[in-house]
Amino acid sequence: MDDFKLGFLLGLLVGEGHFGGDGRQPQITLRMHARHHRLFEWLTQNVPGSRLYGPYTHGGRNYYQWMLRGESLKKILPLLDTLPIAEISPVTYARYEKMKAEYGLSSDQKTKGS
């Protein structure tokens, strides 16, 4: 990924990213209005293994949900760890680190039970 793409991804993660999981595996999720469909296509093309779900209509909202989880998430951790998330948004960085801690992740791609 070139510097522009990394910066754009960083901005999306800081502005819209959710870092958590489903209890079994960690995931990064972006949920945004359906009018951002082209942006989501860009994400799925540039972040290998990511998936796009939707569009959904719920409670008067029309949105897509992009997810990165499983082996694809583990593979991108070393790259995400190079981004200046902590300097730009300590709150986002804390959520990112909490996800990693809760699921036993590290940038060297080790997981709980491995």
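As named in an unreviewed UniProt entry, the protein chain is Homing endonuclease LAGLIDADG domain-containing protein, taken from Desulfofundulus luciae.

Student: Sorry if this is basic, but what is going on with the packing of aromatic side chains here?
Tutor: The geometry of two aromatic rings is summed up by the distance between their centres and the angle between their planes. The tally for this structure, following the rule as stated, stands at five aromatic pairs. Between Phe-8 and Trp-42 the ring centres are 5.0 Å apart and the planes differ by 80 degrees, which places this aromatic pair in the edge-to-face class. Here Trp-42 lies in helix H2 (residues 37-46) and Phe-8 lies in helix H1 (residues 3-16), a separation of 34 residues in the sequence. For Phe-8, a relative accessible area of 32% corresponds to the partly exposed category. Geometry around Tyr-63 places Arg-61 over its ring, the cationic atom sitting 4.8 Å from the centre.

Student: Whenever I open this one, the environment of Arg-95 confuses me. Can you help?
Tutor: The topology assignment puts Arg-95 in helix H5 (residues 90-102). It is 6.0 Å that separates the C-alpha atoms of Arg-95 and Phe-19, two residues lying 76 residues apart in sequence. With near-sequence residues (within four places) excluded, Arg-95 lies in contact with Leu-13, Gly-17 and Phe-19.

Student: Would you explain the sheet that holds strand E3 (residues 51-58) in this entry?
Tutor: The sheet built from four strands is open, its strands ordered E1-E2-E4-E3 with antiparallel pairing. Two strands in the sheet have a free side with no partner beyond their single neighbour: strand E1 (17-21) and E3. Here the strands of the sheet are splayed against their neighbours by 30 degrees on average, with no regard to which way each runs. With five bridges joining them, E1 and strand E2 (residues 26-33) adopt antiparallel strand pairing. When the bridges of E2 are listed, Phe-19 appears paired with Ile-28. Of the strands in this sheet, E2, E3 and strand E4 (61-69) touch H2, which is tilted by about 155 degrees from E2.

Criteria and cut-off values
Residues numbered from 1 in each chain as written. Predicted model: local features only at pLDDT ≥ 70, side-chain atom pairs only at ≥ 80, totals over all residues. Heavy atoms only, no water. Phe/Tyr/Trp six-rings, centres within 6.5 Å; stacked < 30°, edge-to-face > 60°. Helix = DSSP H or I, 4+ residues; strand = E, 2+ residues; numbered from the N terminus. Buried < 20%, exposed > 50% of the residue type's maximum accessible area, 1.4 Å probe, protein only. Lys NZ or Arg CZ within 6 Å of the ring centre and 35° of its normal. Contact = heavy atoms within 4.5 Å. Pairing = 2+ DSSP bridges. Axes fitted to C-alpha atoms, helices over the stretch in contact; angles between N-to-C directions.

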